[in-house]
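# Analysis of the macromolecular model
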Amino acid sequence: MNSFLVSTIKDNSFFNSDLLIDKNFLLLNSLCPFTDSLKKTILEWGFKTVYSEGSQGVEQISAPVKTAPEDFKNVSIDDLELDDSDKKPQIGENAKKAIKDAKLSLANNEKSRMDVVQTVYNEYMNYITAVYTRYATHKTLNYTELSETVKELCIFIKENRRYVLRITPSQDTITKNYLISHSMRSTVIAIVIALQLRFSLSKIVDLGVCCILHEIGQIRLPPQLYMTDRRLSPSERQKLATHAVLGFNIVKENNFPTQIQLGILEHHERENRSGYPRRLEGSQIDIFAKIIGVACSFEAITAPRHFRQARSSYAAMVEILKNEGKQFDDTVIKALLYSLSLFPIGAWVYLVNGKIAQVTDASPDSPGNPIVSLLGEKDSFGNPVTIQTDNDKNKIVRVLNKQETQDMLKTMNIQK
């Protein structure tokens, strides 16, 4: 790991590898420059040194930015095909290419398909990193570019929902890219909920844009508030809570649609008036904010943080379903349940017959009895045998805990 004195880094310098704060937290990726304004901010935060596996001084070439918006407001997501003819700005080019390649290479083999979906997922993580970094360095966001790139993600998730939901970022990814990982995972869940609610394409796209940017206000705060390995004090929590208003102002300044502005402003509001910043009641909260609130809460429960262990997706689902204090909208909770099932997609479970299986899809008619793939059993094509669970011979007894899952994967030589 190479170290660089912040004070000596020249304006508009590029690095050919990720640039980190405290050797752990991502500051920039190689798509974005280190500017004097960013230098000033970092020094104000109290950081004098940054780190990278790479070196300084790599030139980047920017592609022209497309400004004309694409009209898809009246198009149904069920009728839409991905259009690869339009050129996106460089910031979204790799994400677009990943989906184009995925369309050409998706196969029936489960492992191959998971590998392809993982590649697309990773490229969208990189894309969100670039969006946040561009705002941090240039104070600009492009709604047209974002909506076009997110549109392709929405369609990809619709076509590959049961694979995308099985992706779990590594501990290292979450540690170095907390805001990015949280935004990506929450966006996937939010889009899945919107699909279940049968939103129009334009509405799903705007929801996706809103969810990607719902934490953008945090980058106007000192990173010690959201990159800490300790619990925050009451005053620090109060300061961190301003990110909703800061994010609202950011998208408003960049002329994003009103509903996206409200979704970001209100994503911490709760049905019972216990949320912030305005303590709204359920009927006053925008539907985007309601969905993002549920998606974020579910994601946060399942993601590890420095001061607590991650809980299982099953535990997260149970907690959301309890809806203690009636914090969340019942319709949104129901959509989450029917999209992921009571034993969410990706969970490893014990069956009453002693077999171990992984949940691979929800069952619309029976959210408590999802579809699972049996561990160690293959069909004639080499894919895991898939069955519908029930309340009889194929009943789910319980979810494997974290240690059991790790031991089982290690024993079976499975790459998680």
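One can find the structure itself at the top, above this paragraph.
Given the structure is predicted, the values throughout are model-derived calculations rather than measurements. Counting from 1, residues in each chain are numbered in the order their sequence is written. Whole-chain, interface and lining totals are the exception, using all residues; otherwise, since this is a predicted model, local features are given only for residues with pLDDT of at least 70 and side-chain atom pairs are given and counted only at 80 or more. Only heavy atoms go into the side-chain values, all of them from the structure, while hydrogens and water stay out.

## Focus: the nonpolar core
Grouped together as the largest cluster of nonpolar side chains are 92 residues, with contacts concentrated most on Leu213, Leu336 and Val349. At 13 residues, the largest contribution of residues to this core is made by helix α3 (residues 110-138). Residues in contact with Val349, not counting those within four places in the same chain, are Phe343, Lys355, Ile356, Ala357, Val359, Val372, Ile396, Arg398, Val399 and Leu400. Put simply, a nonpolar core is a bunch of buried Ala, Val, Leu, Ile, Met, Phe, Trp, Tyr and Cys residues held in one set by side-chain atoms that sit within 4.5 Å of each other. Relative accessibility thresholds used throughout: buried, under 20% of the residue-type maximum; exposed, over 50%; partly exposed, between the two (1.4 Å probe, protein chains only). Grouped together as the second largest cluster of nonpolar side chains are 8 residues, Val6, Phe34, Leu38 and Val50 included. The helix count covers DSSP runs of H or I at least four residues long, the strand count covers runs of E at least two residues long, and both are numbered beginning at the N terminus. Pairs of residues are marked as contacts when any of their non-hydrogen atoms sit within 4.5 Å.

## Here we look at empty space enclosed by the protein
Computed over the protein atoms alone on a 1 Å grid, cavities are sets of points where a 1.4 Å probe fits but cannot get out and pockets are open sets with protein on both sides within 12 Å along at least five of seven lines; a residue lines them when it has an atom within 4 Å of a point. Grid points are joined across faces, edges and corners, and a volume is the space filled by probe spheres set on the points. One pass over the structure, following the stated rule, counts 5 cavities of 30 Å³ or more. Computed from the structure, the second largest cavity encloses a volume of approximately 60 Å³. Contributing to the lining of the second largest cavity are His267, Glu269, Arg270, Glu271, Ile285, Ala289, Lys290, Gly293, Val294, Gln327, Phe328 and Asp329.

## Looking at helix α12 (residues 313-322)
Those residues of α12 not exposed but buried are Ser313, Ala315, Ala316, Met317 and Ile320. Summarising the contacts, the buried residues of α12 are in contact with α11 (287-302) and α13 (330-340). Of the residues flanking the end of α12, it is Asn323, one or two places downstream, whose phi is positive at about 50 degrees.

## Focus: the pairing of strand β7 (residues 371-378)
Each pair of strands is called paired provided DSSP finds at least two bridges between the two strands. Here 4 bridges tie strand β6 (residues 356-361) to β7, and the two strands are oriented antiparallel to one another. Within β7, the residue paired with Val359 across the bridge is Val372. With 4 bridges connecting them, β7 and strand β8 (residues 384-388) associate as antiparallel partners. Following the sheet pairing, Ser373 is matched in β8 by Thr386. In textbook terms, the turn of a hairpin is the stretch between consecutive antiparallel strands, and for β7 and β8 this stretch comprises 5 residues, one of which, Gly382, has a positive phi near 85 degrees.

## Examining the sheet that holds strand β9 (residues 396-399)
The strand order β8-β7-β6-β5-β9 describes an open sheet built from 5 strands, whose pairing is antiparallel. Edge strands, defined here as strands with exactly one partner in the open sheet, are β8 and β9. The mean inter-strand angle of the sheet, taken between neighbouring strand axes irrespective of direction, is 40 degrees. Working convention: axes come from line fits to C-alpha atoms, limited for helices to the stretch in contact. Angles between N-to-C directions cover 0 to 180 degrees.

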